[in-house]
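Read off the chains here:
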Amino acid sequence: MLVRYNPWQELNTLERHINGLFGDTIPSTRVEKDFIRVPAAELHETADAIHLKLELPGLEAKDLDIQVTEDAVHISGERKSETKTENNGTTKSEFYYGKFQRVIPLSARIQNTNVTADYKDGILNLTLPKSEQEKNKVVKVNLEQPAA
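The written sequence of each chain sets the order in which its residues are numbered from 1. Totals for whole chains, interfaces and linings use every residue, but because this is a predicted model, local features are given only for residues with pLDDT of at least 70 and side-chain atom pairs only at 80 or more, for both listing and counting. With hydrogens and water stripped out, all remaining heavy atoms of the structure feed into the side-chain values.

1. Quick notes on a nonpolar patch on the surface
Then comes step 1: Like-charged residues are merged into a patch within 9 Å and nonpolar side chains (Val, Leu, Ile, Met, Phe, Trp, Tyr) within 5 Å, provided each residue has over 30% relative accessible area and no salt bridge. For the area figures, the Shrake-Rupley method with a 1.4 Å probe applies, and any residue is considered shielded solely by the protein chains shown. Take a side-chain nitrogen of Lys or Arg and a carboxyl oxygen of Asp or Glu: if they are within 4 Å of each other, that pair is a salt bridge. A surface patch of nonpolar side chains, about 430 Å² in accessible area, is lined by Trp8, Leu11, Leu14 and Ile18.
Then comes step 2: A run of DSSP states H or I qualifies as a helix once it reaches four residues; a run of E qualifies as a strand once it reaches two. Both are numbered from the N-terminal end. Assignment of secondary structure puts tryptophan 8 in helix H1 (residues 7-22).

2. What to know about the nonpolar core
Buried together is how nonpolar side chains tend to be arranged in soluble globular proteins.
Then comes step 1: Counting 17 residues, the largest nonpolar core has Leu52, Leu54, Leu56, Val73 and Leu128 as its most contacted members.
Then comes step 2: Listed by contribution, the elements that provide at least two residues to this core are strand E2 (49-55), strand E3 (64-68), strand E4 (72-87), strand E5 (90-105) and strand E7 (123-129).
Then comes step 3: The residues touching leucine 52, leaving out its near neighbours within four places in the chain, are Ala41, Glu42, Leu43, Val73, Ile104, Leu124, Asn125, Leu126 and Leu128. Buried residues of nine kinds, namely Ala, Val, Leu, Ile, Met, Phe, Trp, Tyr and Cys, make up a nonpolar core once their side-chain atoms join them within 4.5 Å. Each residue gets one of three labels from its accessible area relative to the maximum for its type: buried under 20%, exposed over 50%, partly exposed in between, using a 1.4 Å probe on protein chains only. Two residues qualify as a contact provided that any one of their heavy atoms is within 4.5 Å of a heavy atom in the partner residue.

3. Some details on the confidence of the model for the protein chain
Then comes step 1: One number per residue, pLDDT, summarises how confident the predictor is, and it ranges from 0 to 100. Scored by pLDDT, the protein chain comes out at a mean of 80, with 86% of its residues at no less than 70.
Then comes step 2: The least confident element of the protein chain is helix H2 (residues 29-34), whose mean pLDDT is 42; the most confident is E7, at 94.
Then comes step 3: Note that residues 26-36 has pLDDT below 50 and, in this model, 9 contacts with residues that lie over four places away or in other chains.

4. Remarks on the sheet that holds E3
Then comes step 1: Pairing in this open sheet of 3 strands is antiparallel, and the strands run E3-E4-E5 from one edge to the other. At either end of the open sheet lies a strand with only one pairing partner, and these are E3 and E5. Taken over all neighbouring pairs, the strand axes of this sheet differ in orientation by 15° on average, direction set aside.
Then comes step 2: The pairing criterion for strands is at least two bridges between them, as found by DSSP. Relative to E4, E3 is paired through 5 bridges, and the arrangement is antiparallel. The convention used is that axes are lines fitted to C-alpha atoms, helices contributing only their stretch in contact, and that angles between N-to-C directions extend from 0 to 180 degrees.

5. Considerations on the pairing of E5
Then comes step 1: With 16 bridges connecting them, E4 and E5 associate as antiparallel partners. Bridging from a neighbouring strand, glutamate 82 pairs with phenylalanine 95 of E5.
Then comes step 2: Once E4 ends, the chain turns through 2 residues before running back antiparallel as E5, passing asparagine 88 with a positive phi of about 50°.

6. Considering the sheet that holds E2
Then comes step 1: On the basis of which strands lie adjacent, the open sheet formed by 4 strands has the order E1-E2-E7-E6 and antiparallel pairing. Among the strands making up the open sheet, the edge pair consists of strand E1 (40-45) and strand E6 (116-120). Strand-to-strand twist of the sheet, defined as the mean angle between neighbouring strand axes without regard to direction, takes the value 15°.

This is the structure in structure tokens:
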């Protein structure tokens, strides 16, 4: 039987062996991937308001700075996370610190003096009421007749 030589396969095997040797001392990539630096956002627009939902797990309200202009939401904060595990008399501790900032542009002008916020279980919900001009905005659509 003829088997084609694949040099990459040997490198993959070597990488698995090295990862196995150092698996207990190198921080897990799974933990690093779970530590998101920029919060995920979800926007939902109704006739009267824009609803913004941000995912901010592990943060307290005092660690957040939220500023709202007529056309954008600026959010910044600082993450402080610590995990500590004890196994067979060995203690492993990992610390993650870092500042983040995100600016979310809005599709309509809002009344930034009437914004309401709710923060619970790492989820920030902002209700951004639209300005009266945006609520009553009527846009004329021109239809052009196709050339015959």
